[in-house]
Amino acid sequence: MQKYFVPSAQFGDQSIQITGNDAHHIMNVMRLKPGAEILVSDGEKREAVVVIEQCDADGVEARIVEMRDFDREPTVQVTIAQSLPKGDKMELIIQKCTEIGAVHFMPFISERTVVQYDSKKEAKRLERWGKIAKEAAEQSHRNVVPTIASSMNWKALTAQFASYDLVLICYEDERGTMLRDVLEAFAPTQGDMQGSMAKQARMMVVIGPEGGFAAQEIHSAVEAGARCVSLGRRILRAETAGMAACACIMYQFGEMGGM
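Keep in mind that what you see is a predicted model, and the values were worked out from it rather than measured. (Residues numbered from 1 in each chain as written. Predicted model: local features only at pLDDT ≥ 70, side-chain atom pairs only at ≥ 80, totals over all residues. Heavy atoms only, no water.)

A short note on the overall build of the protein chain
- Across its full length, the protein chain carries 8 helices and 12 strands.
- Here the protein chain, with 259 residues, has 46% of them falling under the buried criterion.
- In the protein chain, the share of contacts with a sequence separation of at least 24, taken over all contacts with a separation of at least 6, comes to 73%.
- In the form shown here, the protein chain has an accessible surface area of approximately 13100 Å², with 48% of it arising from carbon and sulfur atoms.
- Taken as two groups, the 29 positive and 35 negative side-chain charges of the protein chain have centres that lie 5 Å from each other. (Helix = DSSP H or I, 4+ residues; strand = E, 2+ residues; numbered from the N terminus. Buried < 20%, exposed > 50% of the residue type's maximum accessible area, 1.4 Å probe, protein only. Contact = heavy atoms within 4.5 Å. Areas by Shrake-Rupley, 256 points an atom, 1.4 Å probe, with all protein chains shown as cover. Lys, Arg positive; Asp, Glu negative; His and termini not counted. Charge placed at Lys NZ, Arg CZ, Asp CG, Glu CD.)

So, in structure tokens, the structure goes:
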């Protein structure tokens, strides 16, 4: 069943009004007609099965037939901090990490970032990324749409480390510490995951650009509290590393058939 996120203001007691791009998608892409059922969520607390009753130029009007109380959010909150990659790779990262379970994205500029950052395009870029996150959250039936921060420099990023329970910086030259070892030591037991501890766990995964991190960046990250980890013997692309790390975290926390 197709899912759509709509503003809370469009949720009524018995009906929901869907407008804008979502209404266009329902009528012109999915070609749904009155009588079809869809899922609608406000991205906060409410999710409902609704039946489309009317489609016209003003949008889509649907009647609520069932309120649902499903929680598909992971028991660990993962932020993907990604040095801006070339081309449209950031869009792929946001899409796939949203599907896996990331809740927040923090794009940043590091020493070896190849992209020529243009602050004038920031608003348009964030709008595009937000749309991709929303669509990915709908496709994967998430309860919330991940948030995306404005692009920041390295110093601003490391200043955020203190607000997380665990910060992992993935480094291809790390030889002593594997991601698995850190996660096994940090992740709660199966019993703990039924309580509030797992819900409160906040982790950040820091991924470098195509050229990797400079040595001084690794040093400053560790000084700021990050754990330097290896993702294995194979070198992953910038757009692959975050997805792999996020999937490993979700598995370790029992979100992908793990514990």
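Looking at the pairing of strand β4 (residues 47–56)
- Bridging between strand β3 (residues 37–41) and β4 involves 5 bridges; their strand directions are antiparallel. Of the residues in β4, the one forming a bridge with Ser 41 is Glu 47.
- Linking two consecutive strands that pair antiparallel, namely β3 and β4, is a turn of 5 residues; a positive phi of about 75° is found at Gly 43 within it.
- The pairing of β4 with strand β5 (residues 59–68) spans 9 bridges and is classified as antiparallel. Bridging across to β5, Ala 48 finds its partner in Met 67. (Pairing = 2+ DSSP bridges.)

Some details on the nonpolar core
- Formed by 33 residues in total, the largest nonpolar core has its most connected members in Ile 80, Leu 168 and Ile 249.
- Mapped by element, the contributors of at least two residues to this core are β6 (77–83), α2 (89–100), α3 (122–139), β10 (166–170), α5 (179–186), β11 (202–207) and α8 (238–252).
- Here Ile 80 is in contact with Ile 93, Cys 97, Ala 102, His 104, Phe 105, Met 106, Val 205, Gly 242 and Cys 246, once residues within four sequence places are set aside.
- Formed by 19 residues, the second largest nonpolar core is a distinct cluster that contains Tyr 164, Met 204, Phe 213 and Ala 221. (Core = buried A, V, L, I, M, F, W, Y, C linked by side-chain atoms within 4.5 Å.)

Considering the side chain of Glu 174
- Assignment of secondary structure puts Glu 174 in the loop between β10 and α5.
- Notably, Glu 174 is buried but unbridged: the nearest opposite-charge side chain belongs to Arg 175, and the N-O separation is 7.8 Å.
- At 2.9 Å, the side chain of Glu 174 forms a polar contact with the backbone nitrogen of Gly 176.
- Side-chain polar atoms of Glu 174 contact the backbone nitrogen of Thr 177, separated by 2.8 Å.
- Look past the residues within four positions of Glu 174 in its chain and what remains in contact with it is Cys 228, Val 229 and Ser 230. (Salt bridge = Lys/Arg side-chain N within 4 Å of Asp/Glu carboxyl O. Polar contact = N/O pair within 3.5 Å; in protein donor to acceptor, adjacent residues only side chain to side chain.)

Remarks on the confidence of the model for the protein chain
- Per-residue confidence for the protein chain gives a mean pLDDT of 89; residues scoring 70 or more make up 94%.
- Counted against residues more than four places away or in other chains, residues 194–198, with its pLDDT under 50, gives 7 contacts. (pLDDT = per-residue confidence, 0-100.)

As for the environment of Gly 59
- Within the secondary structure layout, Gly 59 lies in strand β5.
- Residue Gly 59 is classed as buried on the basis of its relative accessible area, which comes to 4%.
- Through-space distance from the C-alpha of Gly 59 to that of Glu 122 is 30 Å; in sequence the pair is 63 residues apart.

Describing the packing of aromatic side chains
- Overall, the coordinates contain 4 aromatic pairs when judged by the stated rule.
- Summarising the aromatic geometry, the rings of Phe 108 and Phe 213 are spaced 6.5 Å apart at their centres and angled 5° between planes, so their arrangement reads as stacked. A residue pair is termed long-range when its members are at least 10 positions apart, and Phe 108 in strand β7 (residues 104–109) and Phe 213 in the loop between β11 and α7 (215–223) qualify at 105 residues.
- Residue class for Phe 108 comes out buried when judged on its relative accessible area of 0%.
- Judged by its relative accessible area of 2%, Phe 213 falls in the buried class.
- Centroid distance Trp 154 to Phe 213: 5.6 Å. Interplanar angle 50°. Geometry classified as tilted. Within this pair, whereas Trp 154 is found in helix α4 (residues 154–158), its partner Phe 213 is found in the loop between β11 and α7, the two being separated by 59 residues in sequence. (Phe/Tyr/Trp six-rings, centres within 6.5 Å; stacked < 30°, edge-to-face > 60°.)

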